[in-house]
Every structure is written in C-alpha cells, then in structure tokens.
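Single-letter residue listing:
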Amino acid sequence: MYLFNLFTASKIIDIGSFQLAFLSLDMDILSSYVFMVVCAGTMILAAAAGAIGTISVLKGQSLIGDAIGHSAYPGVVIAFMIGMALDPLKLFIGAIISGAIAFALIQLISRHSKLNLDATLAIILSSFFGLGMVLKSYIQGHEAFAHVSQGGLKNYIFGQAAYIKNADVYLILAVAIPSILIFIIFYKEFKVFIFDETYAKSIGIKSNFMYALMLVITMGLIATGLKVVGAILISSFLIVPAITAMQWAQQFNRVILIASLTGMFSAFLGTYISSIYPGMSTGPSIILVMSLIAFLSMLIGPRGILAKYFRRRKFINDKSNV
Amino acid sequence: MSNKTIIEVEDLTMAYSDQPVLWDNDVSIVENSKTAIIGPNGAGKSTFLKGILGLLPTLSGSAHFMGKAYKEVQAEIAYIPQSSEVNWDFPTTALDVVLMGRYVHLGWIKRPSQKDKKIAEQALAQIGMSEFKNRQISQLSGGQKQRVFIARAIAQDANIYIMDEPLAGVDKNTESIIMDFLNESQKQGKTSVVVHHDLNTLAEYFDHLVIINKRIVAQGKMTKVLTQENLENANMNGDYGLDVSV
C-alpha cells in the first residue's frame, strides 16, 4: 500500500519533470517578483480548492460548485455598482451574497419541486449569469458609471490571474487558511457524512450543519477564485484535482493530499507556461494542465480505465482456463 | 428475558410531503428481545425506524429508549442503514468504516486512538473479516459489506441494535454470521430490532414480531403474532412461506 503510493507520487513528479525539462525552466521568470506573487496566489488557491473540492465531488455534488461559481458573478457587478470601485474585498462580499442566494434557491427548488437537480442547477446558473452579463453591459453604456474604470469587471468572468496583487494574495490566504482549518477540525465528521449520511445522522452529526459547513468553505474559495480563474472556470479548481486523486488513492486522506498537491503543481506549471508564452492566460493554462493530469490519471491510474480493462481481461482469462 | 419495555413508541405519525406513510403507531419493544419488523413493500418499515431515530421528521408522536430521548442515549444505539444508502465509491477501507463506530464516543475534533483501532480490529475478527481489513470497500461483496456494517455496530459497543434488512441479498455464510452475532448479543443482555423480509426464517431467527402496514397490524411474542390472519390483515397475501416483501 505504502509502496504503491510512493509509486503514485513519483509518477506525478515524473510527469512534471518531463514537462519542466521540455520547457527548460527560465530562471529570470521564476525569480521575477510579479511571477512569484501570481504563483503564490494561484498555488495557495489551488491547494485549498483541490483539498476542499474532494468533499463535493465525493458527495456527488460537483456541479453545485459550478452553479455557484456562475451565480456569484451578478453579485460582483452589483457590488461594483454600489461601491463604484473595483475593491477586491467588496466584490468578494458581493460574490458571496449572490452565490449564497443562488444556493438557497437551488435548495428551495429541489425541496419543493419535482425537478431534477441538474435541471435546477441549469436554470439557476444561466439566469444568474445572464443577470450579471445584462448588468455589466448596462453600466458599460451608462453615463453614471462612465467616470469609473470597469475594465476589471470582465476579469471576473474569465479571470485575470496575471493581475494578482499582494492584496489578492492576502485575501486568498485569509480564505484558504480558515477553510482548511475547518476541514481539518471536522475531518472525521465529513468522512462519515460523505460515506454514510444516514449513519452520521444516527450518531448525532447533523446533515444541515455539515451541508452548511461544506457550503461556507466551498463558497469562500469560489468567491476568492473568481478574480483568478473567473466565474466560468472556477469550479474546475474544485472538481478536477479530486478526479485525478480518486484515480490513484484508496483512502480519503490520501485523496485529499493528492488533490491538493496536483492542484498546486498545476497552478505552478500553468502560471509558468503563461509567463513564457505571451498571450496565454494564466487561469485557463492552469486548468489545461490540471485536466491533462486528470485525463492521464483516468487512463493509467490504478483505479483508471486501463487498470480496469486489464483486471477484467485477467478475470475472463482465469475463468476460461478453469 | 424480562417483559420490560426498552423502546416505547407512542402515536407515531409520519408523511412524505403530502403522502401519509405511518399513522398512529404505538410500539413497545421488549428488553433483551430479538424483534423482527415485517410488512409488505411500502409499508413504512424503514420509515418507522428512521422516525424513531429522528432521522426523518415526524408529524406527531414520540419514541423513548430506556425511558430517555434518542439524543441522550445515541451512543448506546447502533443503527445499520440499508446498504443501498451508502456511498460505496467513497475511498476508504473496511477497517476505516468499522472505526467510524467509535466516532460517537469521541466527540468533536478528537481522532480515534490506538485503543479505538484495536476495538475495530477485534470487531472485524469477530465477524471473520480480518483478512479484508485493508480492502477498499467497493471491492467487497454484498455479504462482506454487510459484515463490515455489523462490525461497525460491534465497535460502537451499543446496547440496542437497529438494523434495516441486514440479511437482504447476503450469502448463507454471512447470514449465519449475522445471526450468530445477534444471538450472542442477546446472551449479553442486548436488544435487537431488525427489519426482515424472509418469512421462512422468521420464527427461527426472532422471538418477537411487529407486523406493520402503515398502521401496526400486530405485535408481541412471535408464537402469538405470526398467524395467517395477521399476515392477511397486513396485505401480505397470506401465502405463508412466500417471500412477499421482496
């Protein structure tokens, strides 16, 4: 088991060093201050999101994160309209409020209607995001907002990691650290809750409380991540590393660790790639690296497609030999 | 076996949104008994268990365990849900699941100790699952999964076992292991309440019976309650020996 995981880890590093050798690291970029700030921001965010994303993915609710990510956007625009400025903290609060309203609506609809969850998510996601887009184009042409720079608002759709500043890194830290702490404190409760919710309830772990915790830490990360990767892609920071990790590990704590590490590694490599190739956005580059690792893992991981195929073939061979 | 009541359910009424599931159920479970709950499909057997454990909202009524509310004695009561309700793809091992039986004794934040681990390993040994302790749960057979659940209940070291169809879809070997466990528990003075689906083994396995079909049809000692008339009243086709609830 242990050896197996060592193998796992070395495999990931192998993929990494192969890529790095291929690119042959540019020390000038690595030591530049801007690169370091951006890299710190994306790596901390991806590490925390990778770890916490395992909760919703294993709970079978990864698309809720996607819906919340999109739904946070109108909150950003409204916060801008009220504050008349691109203050990251105010926009963060706007994103949280709007995401929370969307989440409450999702819960309300799924409790009181016969609609499937995916349909509910689709309607909330598109209506909220649509509202954000409408508001954004409204203020673009509106004279009351003509004197304030709105260019930054677009960044919350697609993300603009290259413009991460010190203040953003502090905000990411201020959200990531408490989120991880909450996860550590309630680790064992999360474990039973995800595996066997009914039993968890029977030993006094309240479902509502666990869902609320899960929402708080997920939403905090989503709202912070909006500026980095944008409303459209932020959920991949939560979902993709978890998928990778599930192909390699058989225990919850290892899944969390691998998800967090691959998130961090992808953030580093993605930021680096976007620094050496002008015109490549940082957020999408990170997600491409993440997804590539996930696809490879799904193919070659011990719980992946090839391993399953060979197990099945061996099983059939053994049977026909008897 | 005394005739003391250990679980007292009064006037329990439950509904799923606008569909009433259980009406006015008064049930007494006798201390140190092995009580089976039977009833046709959709009779509300699982709902009844969840209602008394506070896992689903009730419209009216109350349940008391050893004279107390469930919350006060939850560590003393081990519940085994239907295995279909569990997320089997969750990355965890058999031993890890059994260790969850210790959580109720640990309280918040605290991690299981070496002692808890030892208790969990002994529980696995008791049901013949030691060799599978590091096995990923998704790779266990149906019977093995059920045995892991039993081990979790053993590790919880409870006084009352409440099980929802533990014998559904398990192999003969697992069935006898589970029954050995229930018999052994009874000798130790413990009580078990089990939703059961096989009328053939009912009288052999259990000594008390509750027949339920939205309302309580009959309850009491097995010999008195298991009659053709009661089964017919519960809409169980009356065809004795036919496995009607599956």
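A short tour of the structure in this document, coming up. The structure presented is a predicted model; accordingly, all values stated were derived computationally and were not measured. (Residues numbered from 1 in each chain as written. Chains lettered and ligands numbered in written order. Predicted model: local features only at pLDDT ≥ 70, side-chain atom pairs only at ≥ 80, totals over all residues. Heavy atoms only, no water.)

1. As for the overall build of chain B
For step 1, the next point in the chain: From N to C terminus, chain B includes 9 helices and 9 strands.
For step 2, the next point in the chain: Relative to the globule expectation of 18 Å for 246 residues, the C-alpha radius of gyration of chain B, 18 Å, shows essentially globular dimensions.
For step 3, the next point in the chain: With respect to the three principal axes, the spread of C-alpha positions in chain B is 50 × 40 × 35 Å.
For step 4, the next point in the chain: Burial statistics for chain B: of 246 residues in total, 54% are counted as buried.
For step 5, the next point in the chain: Counting only contacts in chain B whose residues sit at least 6 apart along the sequence, the fraction spanning at least 24 positions is 69%.
For step 6, the next point in the chain: About 10,600 Å² of surface is accessible on chain B, with carbon and sulfur atoms providing 45% of the total.
For step 7, the next point in the chain: Within chain B, one finds 24 positive and 29 negative side-chain charges whose respective centroids are separated by 9 Å. (Helix = DSSP H or I, 4+ residues; strand = E, 2+ residues; numbered from the N terminus. Rg over C-alpha atoms; globule rule 2.2 N^0.38 Å. Buried < 20%, exposed > 50% of the residue type's maximum accessible area, 1.4 Å probe, protein only. Contact = heavy atoms within 4.5 Å. Areas by Shrake-Rupley, 256 points an atom, 1.4 Å probe, with all protein chains shown as cover. Lys, Arg positive; Asp, Glu negative; His and termini not counted. Charge placed at Lys NZ, Arg CZ, Asp CG, Glu CD.)

2. Focus on the overall build of chain A
For step 1, the next point in the chain: For chain A, the count of helices and strands is 14 helices and 0 strands.
For step 2, the next point in the chain: In summary, chain A has a C-alpha radius of gyration of 21 Å against a globular reference of 20 Å for 322 residues, a match within 12%.
For step 3, the next point in the chain: Counting only C-alpha atoms and orienting by the principal axes, one finds that chain A spans roughly 80 × 55 × 35 Å.
For step 4, the next point in the chain: When contacts within chain A are restricted to residue pairs at least 6 apart in sequence, long-range pairs at least 24 apart make up 77% of them.
For step 5, the next point in the chain: Approximately 14,800 Å² of chain A is accessible, and the part contributed by carbon and sulfur atoms is 70%.
For step 6, the next point in the chain: Here chain A contributes 21 positive and 12 negative side-chain charges, whose respective centroids are spaced 11 Å apart.

3. A few points about the interface of chain A and chain B
For step 1, the next point in the chain: Taken together, the contact pairs 26 residues of chain A with 35 residues of chain B.
For step 2, the next point in the chain: Approximately 2,800 Å² of surface area, both sides summed, lies buried where chain A meets chain B, with 59% of it carried by carbon and sulfur atoms.
For step 3, the next point in the chain: Considering only the side of chain A, the residues that lose the most area to chain B are Lys188, Phe195 and Tyr199 of chain A, jointly responsible for 29% of the buried surface there.
For step 4, the next point in the chain: Counting across the interface, chain A meets chain B through 2 salt bridges.
For step 5, the next point in the chain: Between Asp96 of chain B and Lys191 of chain A there is a salt bridge; the shortest N-O distance is 2.7 Å. (Buried area = accessible area lost by both parts, 1.4 Å probe. Salt bridge = Lys/Arg side-chain N within 4 Å of Asp/Glu carboxyl O.)

4. Looking at the pairing of strand 5 (residues 77-80) of chain B
Residues in a regular strand point their side chains to alternate faces of the sheet.
All names here are of chain B.
For step 1, the next point in the chain: The two faces of strand 5 match: Ile77 and Tyr79 on one face and Ala78 and Ile80 on the other face are all buried.
For step 2, the next point in the chain: Where strand 5 lies against strand 6 (residues 160-164), 4 bridges are found, and the strand directions are parallel. Across the sheet, residue Ile77 finds its bridge partner in strand 6, namely Ile160. (Pairing = 2+ DSSP bridges.)

5. Some thoughts on unusual backbone geometry
Residue and element names in this part refer to chain B.
For step 1, the next point in the chain: Positioned with a positive phi, Asp11 is a non-glycine residue whose angle comes to about 60 degrees.
For step 2, the next point in the chain: Its place among the elements puts Asp11 in strand 1 (residues 5-16).
For step 3, the next point in the chain: Take Asp11: its relative accessible area is 34%, and that puts it in the partly exposed class.
For step 4, the next point in the chain: Unlike most non-glycine residues, Asn32 shows phi in positive territory, near 65 degrees.
For step 5, the next point in the chain: You can see Asn32 is positioned in the loop between strand 2 (19-30) and strand 3 (34-38).
For step 6, the next point in the chain: Classification of Asn32 by relative accessible area gives buried; the value is 17%.

6. What to know about the pattern of salt bridges
For step 1, the next point in the chain: On inspection of all chains with the given rule, the structure shows 10 salt bridges over all chains.
For step 2, the next point in the chain: Lys188 of chain A serves as the salt-bridge partner of Glu189 of chain A, at 3.2 Å between the closest nitrogen and oxygen.
For step 3, the next point in the chain: Judged by its relative accessible area of 5%, Glu189 of chain A is buried.
For step 4, the next point in the chain: Among the ionic pairs, Asp157 of chain B bridges to Lys190 of chain B, the shortest N-O distance being 3.8 Å. Residue Asp157 of chain B is found in the loop between helix 5 (142-156) and strand 6, and its partner Lys190 of chain B is found in the loop between helix 6 (172-187) and strand 7 (191-195); the two are separated by 33 residues along the sequence.

7. What about the packing of helix 5 of chain B against helix 6 of chain B?
All names here are of chain B.
For step 1, the next point in the chain: Relative to each other, helix 5 and helix 6 sit at 15 degrees, their axes nearing to 9 Å. By the angle class used here, helix 5 and helix 6 are roughly parallel. Helix 6 is crossed by helix 5, and the crossing has left-handed handedness. Every residue of helix 6 that contacts helix 5 at Gly143, Gln144, Gln146, Arg147, Ile150 and Ile154 is listed here: Asn173, Thr174, Ile177, Ile178 and Phe181.
For step 2, the next point in the chain: Of the residues in the contact of helix 5 with helix 6, the class split is 5 nonpolar, 5 polar and 1 charged. (Axes fitted to C-alpha atoms, helices over the stretch in contact; angles between N-to-C directions. Parallel < 35°, antiparallel > 145°, perpendicular 65-115°, else oblique. Left-handed = near helix turned anticlockwise from the far one by under 90°. Nonpolar A, V, L, I, M, F, W, Y, C, P; charged D, E, K, R; others polar.)

8. Digging into the packing of aromatic side chains
All names here are of chain A.
For step 1, the next point in the chain: With the rule as written, the count across this model stands at 16 aromatic pairs over all chains.
For step 2, the next point in the chain: Measuring from centroid to centroid gives 5.5 Å for Phe183 and Phe190, while their planes differ by 85 degrees, and the two rings are edge-to-face.
For step 3, the next point in the chain: With relative accessibility at 4%, the residue Phe183 sits in the buried group.
For step 4, the next point in the chain: With a relative accessible area of 0%, Phe190 lands in the buried category.
For step 5, the next point in the chain: A ring pair is formed by Phe183 and Phe252, whose centres lie 6.3 Å apart and whose planes are at 65 degrees; its orientation type is edge-to-face. Separated by 69 residues along the polypeptide, Phe183 in helix 8 (residues 166-185) and Phe252 in helix 12 (residues 252-276) bring together distant segments of the chain.
For step 6, the next point in the chain: Phe252 gets classed as buried once you look at its relative accessible area, which sits at 1%. (Phe/Tyr/Trp six-rings, centres within 6.5 Å; stacked < 30°, edge-to-face > 60°.)

9. Re a nonpolar patch on the surface
Residue and element names in this part refer to chain A.
For step 1, the next point in the chain: Nonpolar side chains collect at one region of the surface, where Leu292, Phe295, Leu296, Met298, Leu299, Ile300, Ile305, Leu306, Tyr309 and Phe310 lie side by side and expose about 910 Å² of accessible area between them.
For step 2, the next point in the chain: Elements with a minimum of two residues in the nonpolar patch: helix 13 (282-300) and helix 14 (305-321).
For step 3, the next point in the chain: No other element matches helix 13, which puts 6 residues into the nonpolar patch.
For step 4, the next point in the chain: Along the chain, Leu299 turns up in helix 13. (Patch = residues over 30% accessible without salt bridge, like charges linked within 9 Å, V, L, I, M, F, W, Y side chains within 5 Å.)

That's the geometry; what it means functionally is another story.
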